[in-house]
Structure formats: C-alpha cells, structure tokens
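# Report on the structure
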Amino acid sequence: MSTDLVTDRERRAFAETLHGELVVPSDPEYDDARAVWNGMIDKRPALIARCAGVADVATAVTFARENDLLVSIRGGGHNVAGTAVCDDGLVIDLSEMTSVHVDPERRTAWVQAGATWADVDHESQFFGLATPGGVVSDTGVAGLTLGGGIGHLRHKYGLSCDNLRSVELVTADGEYVTASEDERPDLFWALRGGGGNFGVVTGFEFELHPVGPEVATVLVFYDAANLPEILASYREYARTAPDEVSTLTFSGMLPDEELSPDAVDVAKIAIIGCYAGPAEEGMDVLAPLRRFADPITDLSGVRPYEDLQTLLDEDYPDGMRYYWKSLYLDGISDEAIERIASWTDSAPSPLSTIDVWHLGGAITDVDVTESAFAGRHAPYLLGVEANWEDADTDEENVAWVRDCLDDMRQFSDGSVYLNFPGFLEEGDEMMRTTFGDAYERLVAVKDEYDPTNLFRVNQNVKPSS
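Residues numbered from 1 in each chain as written. Predicted model: local features only at pLDDT ≥ 70, side-chain atom pairs only at ≥ 80, totals over all residues. Heavy atoms only, no water.

Moving on, we get to the overall build of the chain. Check the secondary structure of the chain and you find 14 helices and 19 strands. The C-alpha radius of gyration of the chain comes to 22 Å, within 12% of the 23 Å expected for a compact globule of 465 residues. Counting all 465 residues of the chain, 59% fall into the buried class. Of the accessible surface of the chain, which amounts to about 18,000 Å², a share of 45% is contributed by carbon and sulfur atoms. (Helix = DSSP H or I, 4+ residues; strand = E, 2+ residues; numbered from the N terminus. Rg over C-alpha atoms; globule rule 2.2 N^0.38 Å. Buried < 20%, exposed > 50% of the residue type's maximum accessible area, 1.4 Å probe, protein only. Areas by Shrake-Rupley, 256 points an atom, 1.4 Å probe, with all protein chains shown as cover.)

Now for the side chain of Q125. Relative to the helices and strands, Q125 resides in helix α4 (residues 117–125). Taking the relative accessible area as the measure of exposure, Q125 reaches 9% and is therefore buried. Among the polar contacts made by the side chain of Q125, one reaches the main-chain carbonyl oxygen of V211 at a distance of 2.9 Å. Setting aside its immediate chain neighbours within four residues, Q125 contacts A130, V211, G212, P213, Y305 and E306. (Polar contact = N/O pair within 3.5 Å; in protein donor to acceptor, adjacent residues only side chain to side chain. Contact = heavy atoms within 4.5 Å.)

If charged atoms from side chains of opposite charge come close, those side chains can pair. Under the counting rule described, the total for this entry stands at 20 salt bridges. In this structure, E244 and K156 form a salt bridge, with 3.4 Å as the shortest nitrogen-oxygen distance. Placement of the pair is E244 in the loop between α8 (227–240) and β13 (245–252) and K156 in helix α6 (residues 154–157), with a sequence separation of 88 residues. Residue classification places K156 among the partly exposed residues on the basis of a relative accessible area of 32%. With a shortest N-O distance of 2.9 Å, D428 and R432 are connected by a salt bridge. Placement of the pair is D428 and R432 together in helix α13 (residues 428–435), with a separation of 4 residues, close to one helical turn. The exposure class of R432 is partly exposed, given its relative accessible area of 40%. Linked by salt bridges that have partners in common, D31, R34, D42 and R44 make up one network. (Salt bridge = Lys/Arg side-chain N within 4 Å of Asp/Glu carboxyl O.)

Looking now at the side chain of D93. Among the secondary structure elements, D93 is positioned in strand β4 (residues 90–93). Despite its burial, D93 pairs with no opposite charge, the nearest such side chain being R50 at 4.0 Å. When sequence neighbours within four positions are dropped, the list of residues in contact with D93 reads I48, A49, R50, C51 and R74. (Lys, Arg positive; Asp, Glu negative; His and termini not counted.)

Taken in spatial order, the 4 strands of this open sheet run β1-β2-β4-β3, and their pairing is mixed. What marks the edges here is a single partner per strand, and that holds for β1 (21–23) and β3 (71–74). Sheet twist, expressed as the mean angle between neighbouring strand axes with direction ignored, is 20 degrees. In terms of strand pairing, β3 meets β4 through 4 bridges, oriented parallel. Looking across to β4, one finds that S72 is bridged to V91. Lying over the sheet, helix α3 (residues 54–66) contacts β2 (47–50), β3 and β4, oriented at roughly 165 degrees with respect to β4. (Pairing = 2+ DSSP bridges. Axes fitted to C-alpha atoms, helices over the stretch in contact; angles between N-to-C directions.)

Nothing here speaks to function; it is all geometry.
Okay, here's the thing in structure tokens:
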C-alpha cells in the first residue's frame, strides 16, 4: 500500500474539513473500517472518509479528484465483488448515513445511501408500507437499487429502481444534483440499473405500497433427488401465477439447522417467496408450491413482512467467502433443468446454491427504454452462488461457478444481473453484452457526468475518451 499519495499536511487539512471521521492505516479502527461482507476481499485503502452528510461527500470527491486518487464508494458494503473498497486510494464511506424518513400520506420514503433494507423495512412497516428491496435485510439500499433491485415484491411492484421518484448525488466535479423524470431525465434513466458509474448517490426517494404487516409466505424444502420434477412443476406453476406471487428456488446441501432441521445432511431444493395481497387468499394461491412432492420441511405460513425479509440473513454471515455469478435465462427447459441438477450435485461446498428467480410481472410493465436496467426481457434469472469458509478451497469454489456459467450460457443471451456479476474480471465485454443498444446511451451519460472515469471501481461504463 502506498503511503505517499498525499502529504501529511494535505491529509490533516482534509480531515479537518470533514464532520465525519478520516481513518488511515495507523488508526486502531482501520481494519474494521476496511472490512466488508465478503471475506474474500482484503483491500487496503490509504484513506477512508466516513462521511456524516452530503457536504462531506462533496469534500471527499473534490479531494480525490484534485489529488488523482482512486475512489471506491461504500454504502452497505454488501456487494459480492467487494467494490466498496480499493487498494491505496480513497474510500468514500456512507455507512454512517442511514436515515430513513417516511411520508405516509404521500407514500414515499427518503432514504440516505448508507441505509440497509432492514432500515427501510423497519420504518415503512410502521405505517403498513414497503418498497421492493432485496431478500437479505442487511443488503445496502444503494448498491442493490442502482443495479436494479430484485426482491420479494418484484412481480407486484417491480424492481427497487422502478420505484424511485428521485435520486440525489454528488457528481465527479463535486456538484450536488437531483435526478428525476423531470430533472436531468437522462441521468435518472442511467441510475436505474446502470450502477454507481455517474456519481456518489447520497439519497433516494422511493414510492411505497401497502404491504403487510403480515404476508402469506412459502418456504418449503424438498429432497434434491426430485429436483428435475420439482423445477418442471415450478415452471408450470410460474406460467400462470398471478402478479401477487414472487418466488425463487435454491438448491444445494442447505445445511442450515434452523431452516431445515429434519435433513441437515441431505441435498435439497427449496422454494421461497410471498403473496403481495390478502394473507388468507395468498396461502391458497401458494399452496400448490407445497405439494410438488413430499416436503422434507415446510415452514410456509403467514408471517410479518419484516420476518420474511430476514429469513435468509443467517445464511450469508459477514466474513464468509463468496463468489457469485448470474445469467438471464431464456427459460428453464428440461435440458436446462438437467444441467442445474448436475451442477448442484457437483458443488464443492455444502453452503453453495444454484438459484432460479422467476421474473416477469410488474418488471415487464416498464418499457425496456424507460430505464437502463437490462433484464426485463428474461423470464428467469440464474444465480450461481459459491459460499464457503476455508480459504484453501478458494480455487475450486471459484472454478465451480465459472464452469457452471460457461455451461449454462447455452440457455441465455449472455446478459447478467449487475448485482451478481462475480468479481470484475469480465469488464467491458460483459457490460456491452448485458446492456446491448443501451450501452452507448450509458456512455453518453458517463461522458457528461464523469468524463475522466473517477468512479470506476464498479461494473464500469467507460467514457468515450
């Protein structure tokens, strides 16, 4: 790690201008400050600016630009690729900026960019409201939303980014701006699915919807010996399911004793999801998902929406090792199901899973040209998640994900969900494949707001020059 990026005098002057804290490698809190959710990430930034508000963010952006520093942006720190931190350079850390303000009459929430979905759900559910978030509650709002945001309410209410009314951010020149459909509409278009390429987002305004406080949920586990039949039945159910239903399947050993106490060491396929409507009605609509075979464990039922949002939290603890990739699938044919079963069997870690997300519904109500999000065409999303604990097995777990994706591309156009890209090894080719014709429009917005590519520690849209 370089120690001469800036002088001691410049560093002290920078620290004095911040209302938040500037953390450097000699500080006792440095290792905690640089740690992120994925234990594979071991980056050592030169400076970490823990911002207290927008003014600190603008100061940090200006300092980085004037000193030609590499910049990464930390929201929730939950991105699997570890883009929240960088070696050398400056981390603009928003994790102290977690305020959520709900306006129940307008049904909106203003959310600072360091908040997690647990923060948003807690405040909005007090009023019986919610906006589509993810499926793990300590995921950061900012990263998930800017990459699209696929969660438990997607079929009824769309993606997280579909529910944005406005976005506040600091651009590469240190200017504070607001983007919405009426103000800087091209920037607003790009922020809805184009990732963190265009500035440091400091706040979001979301539309809220009546949800809960209790919802009908499905969480059922079957023996993976029946995986082909289960996925074929799931495909038929999904074909006619109402938009109130949002579900996904995940398969693997799933050794969690709390979620599957009756068969810890048996390979399983699980279905999880909810019905965004009256709970009693929802249990009837979800019932077929619980009868595809004899369940190993069935934890379905009516539960608080906040509980649904936390059901998977313990399966993704801080510090475990993660390597994920994704593909949008053209469908789940019998052949695709056969390959999913084979790759499930070959996972080197019992904690790893292969996930199939049913898309469609309200996601397709938004025209493909209305936002940068690139996955509206796909009926399914495949997620391949290597999750493991022993660093000595990194190579085989990473290879399993890559080999699985290489095989499954035969069922895909090659585009990916920006929030599950693995690390950043694919680069420009992956971005161009994913965004297609929209990529050049993203480049035009990048040229206007970040022509020098200050914000490049991400799934990067490169400026034209």
